[in-house]
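# Working through the structure, step by step
Take a look at the letters that make up each chain.
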Amino acid sequence: MSKRNYTGTISIGLQKGYTGKYYHKEEYIGFIRRWQMVRTEAHQLMFCPAVYEFDLVCGNLTEKHLALRFINYPKSLVKKKEFRETITSLARLMAEKFSQNRVLIEYTDRNILLEMSDHHDHKTGRI
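Quantities reported herein were computed from a predicted structural model and do not represent experimental measurements.

### What about the packing of aromatic side chains?
For the coordinates displayed, the defined rule picks out 6 aromatic pairs. The interplanar angle of 85° and the centroid separation of 4.9 Å between the aromatic rings of Tyr23 and Phe98 together place this pair among those described as edge-to-face. Of this pair, Tyr23 sits in the loop between strand E1 (7-13) and helix H1 (25-41) while Phe98 sits in the loop between helix H2 (80-97) and strand E4 (102-107), and the two are 75 residues apart along the sequence. With relative accessibility at 15%, the residue Tyr23 sits in the buried group. Each residue in the set Tyr23, Tyr28, Phe31 and Phe98 is aromatic and connected to the rest through ring pairs, giving one cluster.

Right under this line is the structure:
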């Protein structure tokens, strides 16, 4: 594998904190579109994710999540550091906007857990 071939996936919940209220996938997509347009206006690379919906299962908790999968697109390769900084920055913005306590970012060679709060959902069975 070339050292330029790497991916980054943001996994983010649809539930607002632990309120039982859920955002819609379209709200996240709208947020990403606005973020992309700001980047484009600033003459920065757009960074286009594939967006998948999935269920996270943890103990007695099953929660709707989104996976935003980014690749280092062959026509516009960026250095790994810029790729990671951009994806991590977007994950932080989304965590704040969508009231997430934790967001997982999976890179080709490492994972990062952004923790905005130490609160846990009691349904996970965590002590």
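So much for the structure itself; the text now carries on.
### Brief notes about the pairing of strand E3 (residues 61-71)
Where E1 meets E3, 7 bridges bridge the pair, whose relative direction is antiparallel. Paired with Gly8 across the two strands is Phe70, which belongs to E3. Here 9 bridges tie strand E2 (residues 50-58) to E3, and the two strands are oriented antiparallel to one another. Each residue of the ladder has a partner; that of Asp55, found in E3, is Lys64.

### Observations regarding the pairing of E1
Of all the 7 residues making up E1, 6 are buried; the element is thus mostly covered by neighbouring parts of the structure. Pairing analysis gives 4 bridges linking E1 to E4, with the strands arranged antiparallel. The residue bridging Ser11 from the neighbouring strand is Leu104, located in E4.

About the criteria used
Residues numbered from 1 in each chain as written. Predicted model: local features only at pLDDT ≥ 70, side-chain atom pairs only at ≥ 80, totals over all residues. Heavy atoms only, no water. Phe/Tyr/Trp six-rings, centres within 6.5 Å; stacked < 30°, edge-to-face > 60°. Helix = DSSP H or I, 4+ residues; strand = E, 2+ residues; numbered from the N terminus. Buried < 20%, exposed > 50% of the residue type's maximum accessible area, 1.4 Å probe, protein only. Pairing = 2+ DSSP bridges.

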